[in-house]
Amino acid sequence: MAVRGEVIAWLGSDEVGRSQFPDAEVVDLHGGLVAPAFVDSHIHLTATGLTLSGLDLRRATSRAHCLQLIADYAAAHPGQPVWGHGWDESSWPDHIPPSTADLDEVLGERPAYLARVDVHSALASTGLRNQVPELPGAPGFTAQRPLTGDAHHRVRAVARDLLTRGQLAEARSAALRAVAACGIVAVHECAGPEIGGLDDWQQLRALEPGVEVIGYWGEAVTSADSARTLMAETGARGLAGDLFVDGALGSHTAWLHEAYADAPDCRGTAYLDADMIEAHLRACTQAQVTAGFHVIGDAAVSAAVDALERVVADLGVAAVARCGHRLEHVEMVTTDQAAKLGAWGVIASVQPSFDALWGGTDGMYAERLGPHRGSQLNPLALLASQGVPLALGSDAPVTGFDPWAGVRAAVNHRTPGSGVSARAAFAAATRGGWRACGVRDGDIGTLVAGAPASYAVWDADDLDVHASNDHVQRWSTDPRSRVPALPRLGPADELPRCRRTVHRGVVLHG
């Protein structure tokens, strides 16, 4: 491969290349795999960086272990507020999260914000709760249990304000360095007033060029003029991303048609009603702006699809399709709904690692919904079969952002028949991310002459692309697929290790 400036100039055999470019600087990769660089189509950079540099509770194996990790971190950082992420009581022996009293026992009066792994509920110490006077009257408030809904959003905003600008700046930089080291050259930052706020998003926009940060702003509008104004104020690519219709299954806030199996009196939370969903879609379609929502539960998906259907009936398929509207997560979808989304050009930004973490007959999905309903989630094959364009993301810090792990999870879905081929998964993690943000030049995300020089070099178990199928899975012999020979992606196979990441000819890592 020959690269000139920002562009791939040529691909072919080594002998021809050396004769055609006799004065080129030659880099011998010694058997490394060169492949299009990845795009993470759903991430929260600052929160990811805070987890990398701070208190990561994803390794907690019990309530006692979680409290010990909190106590150890607090002792190592005296005088500072405690910000942590990642506890998941569904994997603990007693399935019970710490109480406010438990936190206070180890923290005293220290303010502490500790998000559940799905970031749709959080533990908050009394030292933090007391700094939010209106908290007891907010929806989602409980005195001893994790906070959800508006109570969670309010306490999170106050907790963020306790962090210094230096801490937040280092978190952003750490996250960008880390994703570049994983072969990622672009991310879709899902920002919004209830996530990091406008200042956080503007700080991300102002960072020096490197990993490309493509922003979506999750705030609802009711008119085309307000959509255009908000787009101008934020500089976002669309009014989409984490515009919450509902919450998450782990926090019992995903909006369901039928009650949770482990909480018979609960059907989750609807943050937007049908009229608001339709008004936002209509306004954005009229303004030719990408709209979209966070939808996880089947009732939330139904509300979004029904609203789309009404807008399509009024404004037409072409008007809707040209906007590239998108749905994040879309975990519970029927065949009929998938067919409609495919016909309307709606993009599904999906996170296969959700299934790897919580799927299966004994996972969190089965616990929350029962084995049958729990096995129907994240139906990637169904969406693809109905023509819904897929873009893979991590939702980091909810899951890890290693893109090969996401591709492997999409291939090895824990519900037989719900996964996709390695070729389709890899395309969704590369070209799919560019198409999802409106870049449809036909070349970016591939290795062809004339395409942007955005690629990664991988060590993949001494992968030899000329070797037998013992070393390489050749998922397509059709060169038009523009997908390279891929490494083995079985559940027990070692994932490739990134040696170098390049975006538009500039080395970002290695």
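Residues numbered from 1 in each chain as written. Predicted model: local features only at pLDDT ≥ 70, side-chain atom pairs only at ≥ 80, totals over all residues. Heavy atoms only, no water.

Summing up its helical and strand segments, the protein chain has 20 helices and 19 strands in all. With the principal axes as the frame, the protein chain shows a C-alpha extent of 75 × 60 × 45 Å. Burial analysis of the protein chain (510 residues in total) assigns 56% to the buried set. Long-range pairs, those at least 24 residues apart, make up 73% of the contacts in the protein chain with a sequence separation of at least 6. Here the protein chain has roughly 20,500 Å² of accessible surface; of this, 51% comes from carbon and sulfur atoms. With 40 positive and 60 negative side-chain charges, the protein chain shows a spacing of 4 Å between the two charge centroids. (Helix = DSSP H or I, 4+ residues; strand = E, 2+ residues; numbered from the N terminus. Buried < 20%, exposed > 50% of the residue type's maximum accessible area, 1.4 Å probe, protein only. Contact = heavy atoms within 4.5 Å. Areas by Shrake-Rupley, 256 points an atom, 1.4 Å probe, with all protein chains shown as cover. Lys, Arg positive; Asp, Glu negative; His and termini not counted. Charge placed at Lys NZ, Arg CZ, Asp CG, Glu CD.)

All right, on to the sheet that holds strand 18 (residues 497-503) then. Judged by pairing direction, the sheet is antiparallel, and its four strands sit side by side in the order 3-17-18-19 without closing on themselves. Looking at which strands have only one partner, the edges of the open sheet turn out to be strand 3 (33-36) and strand 19 (506-509). Strand-to-strand, the axes of this sheet are offset by a mean angle of 30 degrees, without reference to chain direction. The pairing of strand 17 (residues 455-459) with strand 18 spans five bridges and is antiparallel. Paired with Val457 across the two strands is Arg500, which belongs to strand 18. (Pairing = 2+ DSSP bridges. Axes fitted to C-alpha atoms, helices over the stretch in contact; angles between N-to-C directions.)

Further remarks concern the packing of aromatic side chains. Two numbers describe a pair of aromatic rings. These are the distance of the centres and the angle of the planes. For the structure shown, the criterion picks out ten aromatic pairs. With centroids separated by 6.5 Å and ring planes inclined at 40 degrees, the aromatic side chains of Trp87 and Trp92 adopt a geometry described as tilted. Here Trp87 falls in the buried class, since its relative accessible area comes to 1%. Each member of the aromatic cluster is reached from another via a ring pair, and the members are Phe38, Trp404, Phe426 and Trp458. The ring of Tyr216 carries the charged tip of Arg326 above its face, separated from the ring centre by 4.3 Å. (Phe/Tyr/Trp six-rings, centres within 6.5 Å; stacked < 30°, edge-to-face > 60°. Lys NZ or Arg CZ within 6 Å of the ring centre and 35° of its normal.)

What follows deals with the domain arrangement of the protein chain. Along its sequence, the protein chain is carved into domain 1 (45-162) and domain 2 (182-437). The gap between the C-alpha centroids of domain 1 and domain 2 is 26 Å. At the junction of the two partners, domain 1 supplies 23 residues and domain 2 supplies 27 residues. Summed over both sides, the interface of domain 1 with domain 2 buries roughly 1,900 Å², with 55% coming from carbon and sulfur. The three residues of domain 1 that bury the most area against domain 2 are Leu45, His120 and His153, which together make up 32% of that side's buried surface. Between the two partners, domain 1 and domain 2, sit two salt bridges. In this structure, the connection of domain 1 to domain 2 is made through twelve residue pairs in polar contact (both at pLDDT 80 or more). Where the side of domain 1 that touches domain 2 is concerned, the elements lending two or more residues are helix 2 (45-53) and helix 6 (149-161). Ranked by residues supplied to the side of domain 1 that touches domain 2, first place goes to helix 2 with six residues. (Domains from an automatic or database assignment. Buried area = accessible area lost by both parts, 1.4 Å probe. Salt bridge = Lys/Arg side-chain N within 4 Å of Asp/Glu carboxyl O. Polar contact = N/O pair within 3.5 Å; in protein donor to acceptor, adjacent residues only side chain to side chain.)

On to the packing of helix 10 (residues 274-286) against helix 11 (residues 298-315), then. Following both chains from N to C, one finds helix 10 and helix 11 inclined at 45 degrees, their axes separated by 9 Å at the closest point. On the basis of the axis angle, helix 10 is oblique to helix 11. Viewed along their axes, helix 10 and helix 11 form a crossing whose handedness is right-handed. Only Ala303, Ala304, Ala307, Leu308, Arg310, Val311, Asp314 and Leu315 of helix 11 make contact with helix 10, whose side of the interface consists of Ala274, Ile277, Glu278, Leu281, Arg282, Thr285 and Gln286. Of the residues contributing to the contact of helix 10 with helix 11, the split by class is nine nonpolar, two polar and four charged. (Parallel < 35°, antiparallel > 145°, perpendicular 65-115°, else oblique. Left-handed = near helix turned anticlockwise from the far one by under 90°. Nonpolar A, V, L, I, M, F, W, Y, C, P; charged D, E, K, R; others polar.)

Here we come to the nonpolar core. Residues Leu239, Phe293, Val295, Val330 and Leu383 are the most contacted members of the largest nonpolar core, which totals 79 residues. Broken down by element, this core gets its largest block of residues, nine residues, from helix 11. With near-sequence residues (within four places) excluded, Val330 lies in contact with Val295, Val301, Ala348, Val350 and Leu383. Counting 18 residues, the second-largest nonpolar core is a separate cluster that includes Leu50, Ala122, Ala138 and Leu168. (Core = buried A, V, L, I, M, F, W, Y, C linked by side-chain atoms within 4.5 Å.)

On average, residues of the protein chain carry a pLDDT of 93, and 95% of them reach 70 or more. Low pLDDT, under 50, characterises residues 462-478; the stretch is placed with 27 contacts to residues that sit more than four places away or in other chains. (pLDDT = per-residue confidence, 0-100.)

Now for the pattern of salt bridges. Under the defined criterion, the tally for this structure stands at 26 salt bridges. For Arg282, the salt bridge goes to Glu278, with nearest N and O atoms at 2.7 Å. Remark: Glu278 and Arg282 occur in helix 10; sequence separation between them is four residues, near one turn of the helix. Among the residues examined, Glu278 registers a relative accessible area of 17% and is labelled buried.

A word on the sheet that holds strand 6 (residues 82-87). Taken in spatial order, the five strands line up as 5-6-7-8-9 in an open sheet, and their pairing is mixed. At either margin of the open sheet sits one strand with a lone partner, and together these are strand 5 (55-56) and strand 9 (147-148). Judged from the three bridges that link them, strand 7 (residues 112-116) and strand 8 (residues 121-124) form a sheet pairing that is antiparallel. Directly across from Leu114, in strand 8, lies its bridge partner Leu123.

This brings us to unusual backbone geometry. Residue Pro397 follows Ala396 across a cis peptide bond; omega there is 15 degrees. Topologically, Pro397 is positioned in the loop between strand 16 (390-392) and helix 18 (403-411). Despite not being glycine, His252 shows a phi value in the positive range, around 60 degrees. Inspection of the secondary structure assignment puts His252 in the loop between strand 12 (238-239) and helix 10. Using a relative accessible area of 22% as the deciding quantity, one classes His252 as partly exposed. Positioned with a positive phi, Arg504 is a non-glycine residue whose angle comes to about 50 degrees.

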